[in-house]
Number of protein chains: 2
Amino acid sequence: MSKIDKTAIVRAAEEVVRERGARKLTLDAVAAKCGLSKGGLLHHFSSKQVLLKAMVEKAIERELQIAAEFTDDRPGAGQGELQPRIDALFVMMEDEKSLPRALLAAVAEDPSLLEPIRAKEAKIRREACGASKDPELAQILLFAARGLFLGRVLGVMDPEDPVFERMRKRLLALAAEVE
Amino acid sequence: MSKIDKTAIVRAAEEVVRERGARKLTLDAVAAKCGLSKGGLLHHFSSKQVLLKAMVEKAIERELQIAAEFTDDRPGAGQGELQPRIDALFVMMEDEKSLPRALLAAVAEDPSLLEPIRAKEAKIRREACGASKDPELAQILLFAARGLFLGRVLGVMDPEDPVFERMRKRLLALAAEVE
DNA sequence: GCTAACATACCGTCCAGTCGGTCGGTTTCG
DNA sequence: CGAAACCGACCGACTGGACGGTATGTTAGC
C-alpha cells in the first residue's frame, strides 16, 4: 500500500498556491506540504512541469464533470449547454482549489501549459453557443461568466462581493431566454 | 542631463515581458534592454517591486486616458460611461504593451501589486453601471469585455479570432440600449 | 532479493540586491 | 579665477539564498 498517491500530491500543490501564491509553488514547498521529501516527490512527478500539467488536467476534468452534473440535473432542458457551463464556472469560483490555482501557477511558470485550457475554451464556446438562437448573445453571457471567474481568480475582485450572486441569477435567466 | 528616464525603463520592462514572458522579467534583462547596467537600473528603481509598481500604475493611467478620449469623442452622449469603458478595454487588447504585460508580471511576482487595479475596477463598475437603467445588464456587458480581455492577455484565446470584432460591435450596441 | 517508495546530501544555476568605485558636472570658498 | 569638496548617474564584480534537479543510499512489501 502506498501512503501517498498522485492526487494527494496535486492537492498539496493546490494548497501551496492558495496559501503562498503561484510564484511560491516550489517543489520543496509541495513536498513539505504532503509530508514527503523532495526526492520522494520527484519520484512521482519527474519534474515540476509534469506536476503542473497534472494540476491543469485535473482542473479541466473537474470543470467538465461539474458541468455534466448540472446537465443531468435538468433532464427536461434537452441539449441546452449554456446554462450548465455558466453554473459550472460559478461552482469553480467557490471552490478555492483546482482550476483557479492551477491556472495561475501555469501562467506564472510556462504559458504553453495553457494549451489544453485553450482547446477546452474553444470547444465549449462552439458547443454552448452553436445551438442558440442568438449565438452572439450566448457568447457574451459566457464571456461575462468568465470575466467574473478570472477576476476572482486573479484577485482583482473581492470574493465576498454580492455581485457574484446577482450576476449568477441574471446570467442564468438570460441563458434560458436565449436557448 | 540624464540619458535615461524612468518611463524608458518601464517601457523596456514591458518589452521584456512581451518578448520573453512574465517569468523572465529579470532586472538583468531590463537593464540590458535599455542599455543600462543592473547597478544603474537599481539606481532608478530601488527594487524590482518598485519597478513593477510603476508598471502597473502607468498601465492604469493609460487605460483611464483612453477611456477619457472616447468620452470626449462622443460629446452628445452625456454621461454615459459604459461605452467608453468597453471601447478602452478593446483598445488595450490590441495594444500589446502596457496593462496586459504589467498585470501578468505583477500576478506572477506579488499579488498585492494588484491592489490599485482592484480599486480601479470597483470604481469603474460603480460609475459605469450606476447610471444605467439596467445596472445588472450593464455589469454583464462590462464583465464580458473583461472576460475577452483577460482571455487574450492570459493567452487562452487566439488574438486573431474574429469573435473579438463581433463581440466589440455587439457589446457597444447593447451598451447604447441600456444607458 | 527485487522493485517501488521513499530519504539525504549535494550540485549548478539563476537572480535580486550590495558595494566599492569611476566619471562628469556643479557648488563652495579662498 | 581655480581648486577642493561634493553629488548624481552609472558600472560591474560579487554574494547569498532560492530552487530545480541528480545521485546515491535505505527501507518495506511482495
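These numbers come from a predicted model, not from an experiment.

## Overview of the overall build of chain A
(1) Moving on: Looking only at helices and strands, chain A features nine helices and zero strands.
(2) Moving on: The order of helices and strands in chain A, counted from the N terminus, is α-α-α-α-α-α-α-α-α.
(3) Moving on: Projected onto its principal axes, the C-alpha positions of chain A cover 55 × 35 × 30 Å.
(4) Moving on: Residue burial in chain A is summarised as follows: out of 179 residues, 53% are buried.
(5) Moving on: Residue pairs in contact within chain A that sit at least 24 positions apart in sequence constitute 66% of those at least 6 positions apart.
(6) Moving on: As displayed, chain A offers around 8300 Å² of accessible surface, 52% of which is attributable to carbon and sulfur atoms.
(7) Moving on: Computing the positive centroid from 29 side-chain charges and the negative centroid from 29, chain A places the two 5 Å apart.

## A look at the protein's contact with DNA strand D
(1) Moving on: The full set close to DNA strand D counts 16 residues, and Leu 27, Lys 38 and Lys 48 of chain A together with Ser 37 and His 44 of chain B are the nearest of them.
(2) Moving on: Put simply, 59% of the atoms of DNA strand D that lie within 4 Å of the protein are in sugar or phosphate.
(3) Moving on: Residue Leu 27 of chain A places a main-chain N or O atom 2.9 Å away from a phosphate oxygen belonging to DNA strand D.
(4) Moving on: Between DNA strand D and the protein, one listed contact pairs a phosphate oxygen with a backbone N or O atom of Ser 37 of chain B at 2.6 Å.
(5) Moving on: Examining the composition of the surface near DNA strand D, we find that four residues originate from one element, helix α3 (residues 38-44) of chain B, more than from any other.

## Quick notes on the protein's contact with DNA strand C
(1) Moving on: Neighbouring residues of DNA strand C: 14 residues in total, closest Ser 37 and His 44 of chain A together with Leu 27, Lys 38 and Lys 48 of chain B.
(2) Moving on: Taking all atoms of DNA strand C within 4 Å of the protein, the share assigned to sugar and phosphate is 53%.
(3) Moving on: In the environment of DNA strand C, a phosphate oxygen lies 2.4 Å from a nitrogen or oxygen atom belonging to the backbone of Ser 37 of chain A.
(4) Moving on: Leu 27 of chain B places a main-chain nitrogen or oxygen 2.9 Å from a phosphate oxygen of DNA strand C.
(5) Moving on: If you tally residues by element for the surface near DNA strand C, the top one is helix α3 (residues 38-44) of chain A, at three residues.
(6) Moving on: Grouping the constituent residues of the surface near DNA strand C by class yields five nonpolar, seven polar and two charged.

## Examining the UniProt feature "DNA-binding region" (unreviewed entry) in chain A
(1) Moving on: UniProt's entry tags residues 26-45 of chain A with the feature "DNA-binding region" (unreviewed entry), counted in the numbering of this structure.
(2) Moving on: Taken end to end, residues 26-45 of chain A comprises 70% helix and 0% strand; its first and last C-alpha atoms sit 13 Å apart.

## Some thoughts on the side chain of Lys 48 of chain A
All names here are of chain A.
(1) Moving on: As for its position among the elements, Lys 48 is in helix α4 (residues 48-73).
(2) Moving on: Only 3.2 Å separates the side chain of Lys 48 from the side chain of Glu 109, close enough to count as a polar contact.
(3) Moving on: Setting aside chain neighbours within four positions, we find Lys 48 in contact with Leu 25, Leu 27 and Glu 109.

## Re the layout of surface pockets
A probe as big as a water molecule, rolled over the atoms, marks out the empty space that is left.
(1) Moving on: Taken as a whole, the largest pocket encloses approximately 520 Å³ of empty space.
(2) Moving on: Around the largest pocket, the lining is made up of 29 residues, and of these Pro 111 of chain A together with Arg 101, Leu 104, Val 153 and Gly 155 of chain B lie nearest the centre.
(3) Moving on: Among the elements of the structure, α6 (98-109) and α7 (115-130) of chain A together with α1 (6-20), α5 (82-94), α6 (98-109) and α8 (135-154) of chain B are those that each provide at least two residues to the lining of the largest pocket.
(4) Moving on: At four residues, the largest contribution of residues to the lining of the largest pocket is made by α6 of chain B.
(5) Moving on: Broken down by class, the residue content of the lining of the largest pocket amounts to 15 nonpolar, three polar and 11 charged.
(6) Moving on: If you trace the second largest pocket, you find 25 residues lining it, with Arg 101, Arg 152, Val 153, Leu 154 and Gly 155 of chain A closest to the centre.
(7) Moving on: Mapped by element, the contributors of at least two residues to the lining of the second largest pocket are α1 (6-20), α5 (82-94), α6 and α8 (135-154) of chain A together with α7 (115-130) of chain B.
(8) Moving on: Among the elements that line the lining of the second largest pocket, the one with the most residues is α1 of chain A, at four residues.
(9) Moving on: When grouped by side-chain class, the residues that make up the lining of the second largest pocket number 13 nonpolar, three polar and nine charged.

## Observations concerning the nonpolar core
(1) Moving on: Core analysis: the biggest nonpolar cluster contains 134 residues, and Ile 86 of chain A together with Ile 86 of chain B have the highest contact counts within it.
(2) Moving on: Not counting chain neighbours up to four residues away, the residues in contact with Ile 86 of chain B comprise Leu 141, Leu 142, Ala 145, Leu 171, Leu 172 and Ala 175 of chain B.

## Quick notes on the relation of the copies chain B and chain A
(1) Moving on: When chain B is fitted to chain A, the residual RMSD is 0.2 Å, and the transformation amounts to a turn of 179° plus an axial shift of 0.1 Å. The transformation relating the two chain copies, once decomposed into turn and shift, fits a two-fold axis.
(2) Moving on: Taken as a fraction of all interface residues of chain B, those also at the interface in chain A reach 100%, which identifies the copy contact as same-surface.

## Describing the side chain of Gln 83 of chain A
Residues and elements named next belong to chain A.
(1) Moving on: Note that Gln 83 resides in helix α5.
(2) Moving on: With relative accessibility at 15%, the residue Gln 83 sits in the buried group.
(3) Moving on: Contact partners of Gln 83, with chain neighbours within four places excluded, come to Arg 74, Leu 172, Ala 175, Ala 176 and Glu 179.

## Considering the pattern of salt bridges
(1) Moving on: Taken as a whole and judged by the stated rule, the model has 38 salt bridges over all chains.
(2) Moving on: Asp 28 of chain B is the partner of Lys 38 of chain B in a salt bridge, and the nearest nitrogen-oxygen pair spans 3.1 Å. In this pair, Lys 38 of chain B sits in helix α3 while Asp 28 of chain B sits in helix α2 (residues 27-33), placing the two residues 10 residues apart along the sequence.
(3) Moving on: Look at the salt bridges and you will find they share partners, linking Glu 15, Arg 18, Glu 19 and Lys 33 of chain A into a network.

Calculation criteria
Residues numbered from 1 in each chain as written. Chains lettered and ligands numbered in written order. Predicted model: local features only at pLDDT ≥ 70, side-chain atom pairs only at ≥ 80, totals over all residues. Heavy atoms only, no water. Helix = DSSP H or I, 4+ residues; strand = E, 2+ residues; numbered from the N terminus. Buried < 20%, exposed > 50% of the residue type's maximum accessible area, 1.4 Å probe, protein only. Contact = heavy atoms within 4.5 Å. Areas by Shrake-Rupley, 256 points an atom, 1.4 Å probe, with all protein chains shown as cover. Lys, Arg positive; Asp, Glu negative; His and termini not counted. Charge placed at Lys NZ, Arg CZ, Asp CG, Glu CD. Near = heavy atom within 4 Å. Polar contact = N/O pair within 3.5 Å; in protein donor to acceptor, adjacent residues only side chain to side chain. Nonpolar A, V, L, I, M, F, W, Y, C, P; charged D, E, K, R; others polar. UniProt positions renumbered as here; feature names shortened; annotations may be inferred. 1 Å grid on protein atoms, 1.4 Å probe; cavity = no way out; pocket = protein on both sides within 12 Å on 5 of 7 lines; lining within 4 Å. Points joined across faces, edges and corners; volume = space filled by probe spheres on them. Core = buried A, V, L, I, M, F, W, Y, C linked by side-chain atoms within 4.5 Å. Least-squares fit on C-alpha atoms with pLDDT ≥ 70 in both. Salt bridge = Lys/Arg side-chain N within 4 Å of Asp/Glu carboxyl O.

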